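Given next are the chains, with one letter for each unit.
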Amino acid sequence: MLSKEKTMEAIEIMYDMFPDAACELTHKSPFQLLIAVILSAQATDVSVNKATPALFAAYPTPVALAQAPVEDIIQKIKTIGLYRNKAKNIKACATQLLDQFDGKVPETREELVTLPGVGRKTANVVMGDAFGEPAIAVDTHVERVSKRLRICKLDANVMEVEQTLMRKIPKELWVKTHHTMIFFGRYHCLARNPKCDICPLLYMCQEGKTRMSAK
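A quick note: this is a predicted structure, and the numbers were derived from the prediction, not measured. (Residues numbered from 1 in each chain as written. Predicted model: local features only at pLDDT ≥ 70, side-chain atom pairs only at ≥ 80, totals over all residues. Heavy atoms only, no water.)

**Some words on empty space enclosed by the protein**
Argument step 1. Evaluation of the coordinates by the stated rule reveals 1 cavity of 30 Å³ or more.
Argument step 2. Of the voids in this model, the largest cavity is the one considered here, and its volume is about 100 Å³.
Argument step 3. If you go around the largest cavity, you meet 15 residues; those closest to its centre are F184, C189, C196, C199 and C205.
Argument step 4. Secondary structure elements with two or more residues in the lining of the largest cavity: α9 (140-148) and α12 (206-213).
Argument step 5. Broken down by class, the residue content of the lining of the largest cavity amounts to 10 nonpolar, 2 polar and 3 charged. (1 Å grid on protein atoms, 1.4 Å probe; cavity = no way out; pocket = protein on both sides within 12 Å on 5 of 7 lines; lining within 4 Å. Points joined across faces, edges and corners; volume = space filled by probe spheres on them. Helix = DSSP H or I, 4+ residues; strand = E, 2+ residues; numbered from the N terminus. Nonpolar A, V, L, I, M, F, W, Y, C, P; charged D, E, K, R; others polar.)

Below you can see the structure in the form of structure tokens.
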């Protein structure tokens, strides 16, 4: 695996490649971000951003969303994968925000993961982007990049990937690194057709070097 020094060398190169990396889910409040991240599970940010303007216009607050009929919510998000379950989850999430948190999005991971539809990854995104709390959310892009560059073990589970990144990256850089690795994985180190031939990190990437030598 890469050392802390080599890991940061790789991360710095990613910073240079994507200096403006940031959350691509459209939102104007912690509540909207929370709902958007729940909707983004197994869906693209693009598809979520197409649906949320109408959703948030109709239900701008936890009160409005909690009171909305599930079928009406479904009509607003039916272009997103798993929309039926997600409609139930975001309605239940809004209800729990009202019942347990005075209608406000909680700021701790322990409280966030008690909300319907919210797992550790979603909680970490909300913590980092809504409240500026250091966190690394391991999505499919972060996991893929971490394993291709051997920052973590190839058989590491999601929690192990997160813990490895937390050990190797300074805490104050966790949120920035999370977004940068997502951009690197989403726009450069793609799952099926990674841009190995023009990758400045090819010299570190065992998988990439193997792929290029096979051409």
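**Points about the UniProt feature "binding site: [4Fe-4S] cluster" (unreviewed entry) in the protein chain**
Argument step 1. According to UniProt, the positions carrying the feature "binding site: [4Fe-4S] cluster" (unreviewed entry) are C189, C196, C199 and C205. A maximum C-alpha distance of 10.7 Å places the annotated residues, which cover 17 residues in sequence, within one compact spot. From the set just named, the residues that line the largest cavity comprise C189, C196, C199 and C205.
Argument step 2. For C196, the position within the fold is in the loop between α11 (174-187) and α12.
Argument step 3. Residue C196 is classed as buried on the basis of its relative accessible area of 7%.
Argument step 4. Excluding anything up to four places from it in sequence, C196 contacts L202, G208, R211 and M212.
Argument step 5. Relative accessible area serves as the criterion here: at 16%, C199 is assigned to the buried category. (UniProt positions renumbered as here; feature names shortened; annotations may be inferred. Buried < 20%, exposed > 50% of the residue type's maximum accessible area, 1.4 Å probe, protein only. Contact = heavy atoms within 4.5 Å.)

**Considering the packing of helix α2 (residues 30-39) against helix α8 (residues 120-131)**
Argument step 1. Running from amino to carboxyl end, α2 crosses α8 at an angle of 150°, the nearest separation of the two axes being 10 Å. Viewed along their axes, α2 and α8 adopt a mutual orientation that is roughly antiparallel. Viewed along their axes, α2 and α8 form a crossing whose handedness is right-handed. Together, P30, L33, L34, V37 and I38 of α2 and T122, V125, V126, D129, A130 and F131 of α8 make up the contact between the two elements. (Axes fitted to C-alpha atoms, helices over the stretch in contact; angles between N-to-C directions. Parallel < 35°, antiparallel > 145°, perpendicular 65-115°, else oblique. Left-handed = near helix turned anticlockwise from the far one by under 90°.)

**Some points on the layout of surface pockets**
Argument step 1. There is about 510 Å³ of room inside the largest pocket.
Argument step 2. The wall of the largest pocket is formed by 25 residues, among which A43, D45, D139, H141 and R186 lie closest to the centre.
Argument step 3. Secondary-structure elements contributing two or more residues to the lining of the largest pocket are α3 (45-58), α8, α9 and α11.

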